[in-house]
Amino acid sequence: MTPMTLRRHHTSGARRRPRPVAGLVAASLAVALTGSGCAALTGDTGSDELQQFLSTLSSGDLAGAAALTTDPVAAEETLEANVLAMGFTPTLSARTPDGDRRPDRDPVPVEITWDMGTSGNTQADDEQADDDDEAGSAPAGGETAAETTPRIVTTNGEARTTRVGDDWKVEWAPTILDTRLEPGGTLSFSEILDYDTSVVDRTGEPLFQWTPVTAVTLAPDAVESADAVAALVGPVVPTITGRTIRDGMAEAGDQPYQVVALRPSDIDPIRDQLAAVAGVTLPEQGQLIRTDRNLDSPALTGLPNAWTEALQAQGGWTAEIVNPDAEPIELGSAPVGQVEDLVSTVQISMQRAAQQAVDASALGASIVAIQPSTGGILAVAQNSVADQQGPVSIQGRFPPGSTFKIVTTAAALEAGVVGPDEVVPCPASVTVSGRTIPNNDDFELGPVPLETAFARSCNTSQAVISDRLAPEAMRDTAARLGLGVGFFAPGLGVDTYTGSVPVTEQGPARVEAAIGQGEVLASPFGMAVMTASLANGGRMILPHVVDGMPATANDTPEPLDPGVVDTLRRYMEQTVRSGTATAANSIPGLGGKTGTAEVGTGPAHGWFVGSTGDIAVAVLIEGADSSGPAVAMAAQFLGAAGQPAPLARG
């Protein structure tokens, strides 16, 4: 098979297994004089200027180093080309083997060490994460500790100095870098990666694969061709228009602009027409692409980076001198290790079911589904209306409304301020600590068991209960279910936000917080984490999107009391059987909680959270003005999604 070539800021090759393809990364360059060094030379020989040249080069100032030579233009061009080809700003050391050598008369040997960092055939430890200052936000990503192999090679060049007028200059020649470097030749560093590795879903179905693609590229001066290109590629990628191409070209400035990369089945029918458009080039390259372009989710955006990191952890490399019409001269290398397919916890069938459900709404809608037993993210979907706000399914900050009563009730049960079968009042409205709280549509139940008040979403009973809690009770209870905790999930390309729950003294703020209003905020992701943690026996899950890469958290709270968990799950099942979520009672074993959250003067948001079997879900429909549409959407999704499939192994 003809090798593919991928160029980033350096050269690389690609081969199919068992000879994995090559890709490149970047490194660093510094210069030091060793041995007797130029500093040991005496007399006016230009030795000081040679030392200055090497020192300037070590600082990364290629233009400054080139200015100290007899041909600054050629020197800068050659230095930049070779440093770029090595992928780094290299580390250089230079020495003279003989202190009597004069660079103005004899070539001075220059030994150059190129340090390209470390990698290759590593066993990575668990990710570590630092605490984050903001509750519920993802902590900073940690460093991966690993057994690494240094990537260091040495080239041997030579340098001379000469007078130019009254000044000494380094006599420029590419052989300063290596005596074997011929005109037109270059140094080359390649990182070799096992590109045959795919990213698959939990069932083993491919999500991303390395695929030959054609990059539809426009020259900087071909703006007038934007509409013609859009007309050809638009049917394949409808988001591409003449305007988006012109905007992209404006940002690219004087660089070629890649409009899109198309797989063979898409490019072949229009290849000839595109090639005929002025300014269009169609270079071939390899790229990790989604197997289904219509399968889009905030949960998938970081998987290509996780794939790259997994490949680099087992990556090999080679450094060479590449001269025209000659076999490369190897400077150093290390073999590549084989990488098994990266397994995502996402299930494609569930992701499609979630996307179909949210797309049916004309309002901003989001669904997040998580497997309670593992913390694996099963699906994250939001529709085009929600997309306009960004990845709100994972980062959005919304009042959770009555879904937060799960936390308030748990806090009250744990504190013993109310018993699981206690009768509580449920009047149409109640004034507690100076704040009057009404029930939705002013319904009243009178004295009823707490289970009934929960299932019917009685605001007034929750307000009374919350008045007896300690200031930090709701915050701490929420954290025990992951709400307000910051998570870093490797492979999840979007920073996560679970929520924020304030410490509230007795008064109006606490009463409002008890029913998920006031300063209480949460994302659909956070509410799914909360619900999954409750379904996990009250123990906080570690949400993750790649098998074997669990999230790290900025808090490690104790689990809820098992008796409290059992009581809450009983209440939630009653909510679906006879309470506010009866529209979802067709889903076997489902327990849940509805929520209607007021937002200023606009229509209220509608929520539903629930779990059945080994799937927990949070649904938000913005501006729905009731929880009814969210309950119906959850039922539609859960009915189509079923239960998670067993996790495939890479």
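To be clear, the structure that these remarks concern was listed above.
Keep in mind that what you see is a predicted model, and the values were worked out from it rather than measured.

What counts, and at which threshold
- In every chain, residue numbers begin from 1 and rise along the written sequence.
- Reporting of local features is limited, given that this is a predicted model, to residues whose pLDDT is at least 70; pairs of side-chain atoms are given and counted only at 80 or more, and all residues count toward the totals for whole chains, interfaces and linings.
- Remark: hydrogens and water are excluded; side-chain values derive from all non-hydrogen atoms of the structure.
- Secondary structure counts use DSSP, requiring at least four H or I residues in a row for a helix and at least two E residues in a row for a strand, with both numbered from the N terminus.
- Buried, partly exposed and exposed residues are distinguished by accessible area as a fraction of the type maximum, computed with a 1.4 Å probe on protein chains only: under 20%, between the cut-offs, and over 50%, respectively.
- Contacts between residues were defined by any pair of non-hydrogen atoms, one from each residue, lying within 4.5 Å.
- Here, Shrake-Rupley sampling with a 1.4 Å probe gives the accessible areas, and only protein chains in the shown set may cover a residue.
- Working definition: rings of Phe, Tyr and Trp (its six-membered ring) pair if their centres are within 6.5 Å, and the pair is stacked with planes under 30 degrees apart, edge-to-face with planes over 60 apart, and tilted otherwise.
- Two conditions define a charge sitting above a ring: the NZ of Lys or the CZ of Arg must be within 6 Å of the ring centre, and it must be within 35 degrees of the ring normal.
- The salt bridge definition used is simple: a Lys or Arg side-chain nitrogen within 4 Å of an Asp or Glu carboxyl oxygen.
- For the purposes of this analysis, a disulfide is any pair of cysteine sulfur atoms at a distance within 2.5 Å.
- Each helix should span, by expectation, one fewer than its residue count multiplied by 1.5 Å.
- Polar contacts, as counted here, are pairs of nitrogen or oxygen atoms within 3.5 Å of one another; within protein the pair requires one atom able to donate a hydrogen and one able to accept it, and residues that are adjacent in sequence qualify only if both atoms are side-chain atoms.
- Pairing between strands is defined by DSSP: at least two bridges between the two strands are required.
- Note on geometry: axes are C-alpha line fits, over the in-contact stretch for helices, and angles between N-to-C directions span 0 to 180 degrees.
- Each nonpolar core is a collection of buried residues, namely Ala, Val, Leu, Ile, Met, Phe, Trp, Tyr and Cys, held together in the definition by side-chain atoms within 4.5 Å.
- Note that the term roughly parallel is reserved for angles under 35 degrees, roughly antiparallel for angles over 145, roughly perpendicular for angles of 65 to 115, and oblique for everything else.
- Less than a right angle of anticlockwise turn of the near helix away from the far helix marks a crossing as left-handed, whereas a clockwise turn marks it as right-handed.

K.L.:
Just to check I follow, could you spell out the overall build of the protein for this structure?
P.N.:
Tallying secondary structure elements over the protein gives 19 helices and 31 strands in all. The proportion of buried residues among the 650 residues of the protein is 53%. Long-range pairs, those at least 24 residues apart, make up 71% of the contacts in the protein with a sequence separation of at least 6. Total accessible area on the protein stands at roughly 26500 Å², and carbon and sulfur atoms take up 48% of it.

K.L.:
How should I be thinking about helix α14 (residues 459–466) in this particular structure?
P.N.:
Count 3.6 residues to each turn of an α-helix, and residues three or four apart come out pointing the same way. Taking burial as the measure, the eight residues of α14 include seven buried ones, the bulk of the element. For α14, the complete set of buried residues consists of Asn 459, Thr 460, Ser 461, Gln 462, Ala 463, Ile 465 and Ser 466. In this structure, the buried side of α14 is in contact with α12 (405–415), β21 (423–424), β22 (429–432), β23 (435–438), α13 (450–455) and α16 (508–514).

K.L.:
I would appreciate a short explanation of the packing of aromatic side chains in the present structure.
P.N.:
Each aromatic ring pair is described using two quantities: the centre-to-centre distance and the angle formed by the ring planes. What the rule picks out here adds up to five aromatic pairs. Here Tyr 195 and Trp 210 contribute two aromatic rings whose centre-to-centre distance is 4.0 Å and whose plane-to-plane angle is 25°, an arrangement assigned as stacked. Remark: Trp 210 occurs in strand β12 (residues 206–218) and Tyr 195 occurs in the loop between β10 (186–192) and β11 (199–200); sequence separation between them is 15 residues. This pair shows no difference in class: Tyr 195 is buried, exactly as Trp 210 is. Plain terms: the ring middles of Tyr 195 and Trp 307 are 5.6 Å apart, the flat faces sit at 25° to each other, and that makes the pair stacked. Taken together, the residues Tyr 195 in the loop between β10 and β11 and Trp 307 in helix α8 (residues 303–313) connect sequence positions 112 residues apart. We note that Tyr 195, like Trp 307, is buried. Cluster of aromatic residues (ring-pair linked, three or more members): Tyr 195, Trp 210 and Trp 307. The residue whose ring lies beneath Arg 456 is Phe 443, and the NZ or CZ to ring-centre distance is 5.8 Å. Stacked on the ring of Phe 454, the Lys or Arg Lys 593 has its end atom at 5.6 Å from the ring centre.

K.L.:
How should I be thinking about the pattern of salt bridges in this particular structure?
P.N.:
Opposite charge on two side chains permits them to pair, given that their charged atoms come into close proximity. Inspection of every chain in the model, using the stated rule, returns 15 salt bridges. Of the charged contacts in the structure, one is a salt bridge between Arg 352 and Asp 292, with a shortest N-O distance of 3.0 Å. Here the residue Arg 352 occupies a position in helix α9 (residues 348–359), and Asp 292 occupies one in the loop between β15 (284–290) and α8, the gap between them amounting to 60 residues. Of the residues examined, Asp 292 reaches a relative accessible area of 21% and is grouped as partly exposed. Between Arg 570 and Glu 451 there is a salt bridge, with the nearest N and O atoms lying 2.6 Å from each other.

K.L.:
Could you clarify how one ought to interpret the environment of Arg 649 in this entry?
P.N.:
Summarising the element assignment, Arg 649 is placed in the segment after α19 (628–641). Here Arg 649 is in contact with Val 343 and Asp 547, once residues within four sequence places are set aside.

K.L.:
Sorry if this is basic, but what is going on with the state of the cysteines here?
P.N.:
Linking two cysteines covalently via their sulfur atoms produces the bond known as a disulfide. One pass over the structure, following the stated rule, counts one disulfide. Note on cysteine connectivity: Cys 426 is disulfide-linked to Cys 458, with sulfurs 2.1 Å apart. An S-S torsion of about 115° defines the bridge between Cys 426 and Cys 458 as right-handed. Of this pair, Cys 426 sits in the loop between β21 and β22 while Cys 458 sits in the loop between α13 and α14, and the two are 32 residues apart along the sequence. Overall, the relative accessible area of 0% leaves Cys 426 in the buried class.

K.L.:
Is there a simple way to think about helix α18 (residues 562–578) in this case?
P.N.:
Between the first and last C-alpha of α18 there are 24 Å, a value that for 17 residues agrees with the 24 Å anticipated at 1.5 Å per step. By the burial criterion, the buried members of α18 are Val 564, Val 565, Thr 567, Leu 568, Tyr 571, Met 572, Gln 574, Thr 575 and Val 576. Taken together, the buried residues of α18 touch α12, α13, α17 (524–535) and β29 (591–599). Sitting at the amino-terminal end of α18 is Asp 561, which places a side-chain oxygen 2.8 Å from the backbone nitrogen of Gly 563.

K.L.:
Could you clarify how one ought to interpret unusual backbone geometry in this entry?
P.N.:
Despite not being glycine, Ser 457 has its phi angle at roughly 60°, a positive value. By secondary structure assignment, the location of Ser 457 is in the loop between α13 and α14. Residue Ser 457 is classed as buried on the basis of its relative accessible area of 11%.

K.L.:
What is the right way to look at the sheet that holds strand β31 (residues 615–621) in this model?
P.N.:
Sheet strands pair by backbone hydrogen bonding; their relative direction is either parallel or antiparallel. Across the sheet, five strands lie side by side as β20-β19-β31-β30-β29; this open sheet has antiparallel pairing. What marks the edges here is a single partner per strand, and that holds for β20 (377–382) and β29. Between one strand and the next, the sheet's axes are offset by a mean angle of 10°, whatever the strand orientation.

K.L.:
I keep staring at the nonpolar core and nothing clicks. Help me out?
P.N.:
One broad trend across soluble globular proteins is that nonpolar side chains are buried collectively. In this structure, Ile 370 and Leu 483 are the most contacted members of the largest nonpolar core, which totals 85 residues. In terms of residues, this core owes the most to one element, α17, which gives seven residues. Beyond its immediate sequence surroundings of up to four residues, Leu 483 is in contact with Phe 404, Val 407, Ala 478, Thr 498, Gly 499, Val 501, Ala 522, Gly 526, Met 527 and Met 530.

K.L.:
Would you mind showing me how to read the packing of α9 against α19 here?
P.N.:
The description of two helices packed together rests on the angle between their axes and the distance between the axes. One can describe the packing of α9 onto α19 by two numbers: an axis separation of 9 Å at closest approach and a directional angle of 155°. Here α9 is positioned roughly antiparallel relative to α19, judged by the angle of their axes. For the pair α9 and α19, the crossing hand works out as right-handed. Packed against α9, whose contacting residues are Met 350, Ala 353, Ala 354, Gln 356, Ala 357 and Val 358, the element α19 presents Met 633, Gln 636, Phe 637, Ala 640 and Ala 641 at the interface.

K.L.:
What's the story with the pairing of β12 in this structure? I'm lost.
P.N.:
It is a general feature of regular strands that their side chains alternate between the two faces of the sheet. The element β12 is extensively covered by neighbouring structure, given that 10 of its 13 residues are classed as buried. Between β11 and β12, which follow one another and run antiparallel, lie five residues, and Gly 204 among them has a positive phi close to 95°. With seven bridges connecting them, β12 and β15 associate as antiparallel partners. Paired with Pro 212 across the bridge in β15 is Gly 286. Pairing of β12 with strand β13 (residues 257–262), which is carried by five bridges, proceeds in the antiparallel orientation. From the neighbouring strand, Thr 217 faces β13, where its bridge partner is Gln 258. Pairing between β12 and strand β14 (residues 280–281): two bridges, direction antiparallel. Paired with Leu 218 across the two strands is Val 280, which belongs to β14.

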